[in-house]
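# Observations on the model geometry
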Amino acid sequence: MKSYTEYLWFNTKRRKELIRITDTIEEIVKKSGIKEGLCLVSAMHITAGIIVNDDESGLHKDIWEWLEKLAPVGDYNHHWTGEDNGDAHLKRILTHHQVVLPVTNGKLDLGPWEQIFYAEYDGQRRKRVVVKVIGE
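This structure is a prediction, so every number in the text was calculated from the model and none was measured.

With that settled, consider the sheet that holds strand 4 (residues 48-53). Read across the open sheet, the three strands follow the order 2-7-4; overall the sheet is antiparallel. At either end of the open sheet lies a strand with only one pairing partner, and these are strand 2 (17-20) and strand 4. Neighbour to neighbour, the strand axes of the sheet diverge by 30 degrees on average, direction disregarded. Sheet topology note: the strand 2/strand 7 (residues 115-120) ladder contains four bridges and is antiparallel. The residue of strand 7 that forms the bridge with I19 is Y118.

Here it is in C-alpha cells:
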C-alpha cells in the first residue's frame, strides 16, 4: 500500500465562505499515482469543515440558512474565554471536518453532481486542510 499527502492553505476574505476544491483534490489524486484506494480530505481547524454536495447557488444559500438556524451567531459560553466564534465551532460539528472519498482507476469516484467544498465558518486567517490518498 502507498500513501501520498498534500496540504492546502486557505485565508478567506470573508468570515464565512464555501470554496469548491474538487479540481484541486482531483489533481492531488492524479499526482499520487494511486489507482485504487481512498482519499481523505480533512480540515485541520476547529472552525472549518469539508462538505460534499451539489455546486448550485440556491443550495449554497440553503446550507448557510440551515446552519444559521441550527447554530446562529449569538452569545455562547465559549465567548467567556475571549473568543467570539462559538457558532463556528457548532457549524463545524454539523457539517463534519472530513470526508473519505473512493479512488477508482486513478480518479475520484464521485456521483454525477457531487463536488467537494472547503467550508469556512471563522475565516480571515490562515488555515490548513490535509489531503491523504492511500491505496495501490
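Now for helix 1 (residues 22-32). Taken residue by residue, helix 1 has T22, I25, I28, V29 and S32 as its buried positions. End-on, the buried residues of helix 1 take up no more than an arc of 125 degrees, which puts them together on one face. Downstream of helix 1 by a residue or two, G33 has a phi angle that is positive, lying close to 75 degrees.

Time to look at the environment of P72. Along the polypeptide, P72 turns up in the loop between helix 2 (57-70) and helix 3 (86-95). As for P72 and R128, which are separated by 56 residues in sequence, their C-alpha atoms are 25 Å apart.

Moving on, we get to a nonpolar patch on the surface. Taken together, the side chains of M1, L38, V100 and I134 make up a nonpolar region of the molecular surface, amounting to roughly 400 Å² of accessible area. Residue M1 is classed as exposed on the basis of its relative accessible area, which comes to 75%.

Within the secondary structure, Q98 sits in strand 5 (residues 98-104). Judged by its relative accessible area of 33%, Q98 falls in the partly exposed class. On a C-alpha basis, the gap between Q98 and V131 in space is 9.7 Å, while along the polypeptide they are 33 residues apart. Not counting residues within four places of it along the chain, the set of residues in contact with Q98 comprises L40, V41, S42 and I50. Looking at Q98, its side chain comes within polar contact range of the side chain of S42, at 3.1 Å. A polar atom in the side chain of Q98 sits 3.4 Å from the side chain of H97.

Turning to the pairing of strand 3 (residues 37-43), a few remarks are in order. Across six bridges, the pairing between strand 3 and strand 5 is antiparallel. When the bridges of strand 5 are listed, L38 appears paired with P102.

Pairing within the open sheet is antiparallel, and its five strands lie in the order 1-8-3-5-6. Each edge of the open sheet carries a strand with a single partner, namely strand 1 (2-10) and strand 6 (107-108). Looking at chain direction, strand 3 and strand 8 (residues 127-135) are connected through seven bridges and run antiparallel. Among the inter-strand pairings, V41 is bridged to a residue of strand 8, identified as V131.

The rules behind each value
- Residues numbered from 1 in each chain as written.
- Predicted model: local features only at pLDDT ≥ 70, side-chain atom pairs only at ≥ 80, totals over all residues.
- Heavy atoms only, no water.
- Pairing = 2+ DSSP bridges.
- Helix = DSSP H or I, 4+ residues; strand = E, 2+ residues; numbered from the N terminus.
- Axes fitted to C-alpha atoms, helices over the stretch in contact; angles between N-to-C directions.
- Buried < 20%, exposed > 50% of the residue type's maximum accessible area, 1.4 Å probe, protein only.
- Arc of directions from axis to C-beta.
- Patch = residues over 30% accessible without salt bridge, like charges linked within 9 Å, V, L, I, M, F, W, Y side chains within 5 Å.
- Areas by Shrake-Rupley, 256 points an atom, 1.4 Å probe, with all protein chains shown as cover.
- Salt bridge = Lys/Arg side-chain N within 4 Å of Asp/Glu carboxyl O.
- Contact = heavy atoms within 4.5 Å.
- Polar contact = N/O pair within 3.5 Å; in protein donor to acceptor, adjacent residues only side chain to side chain.

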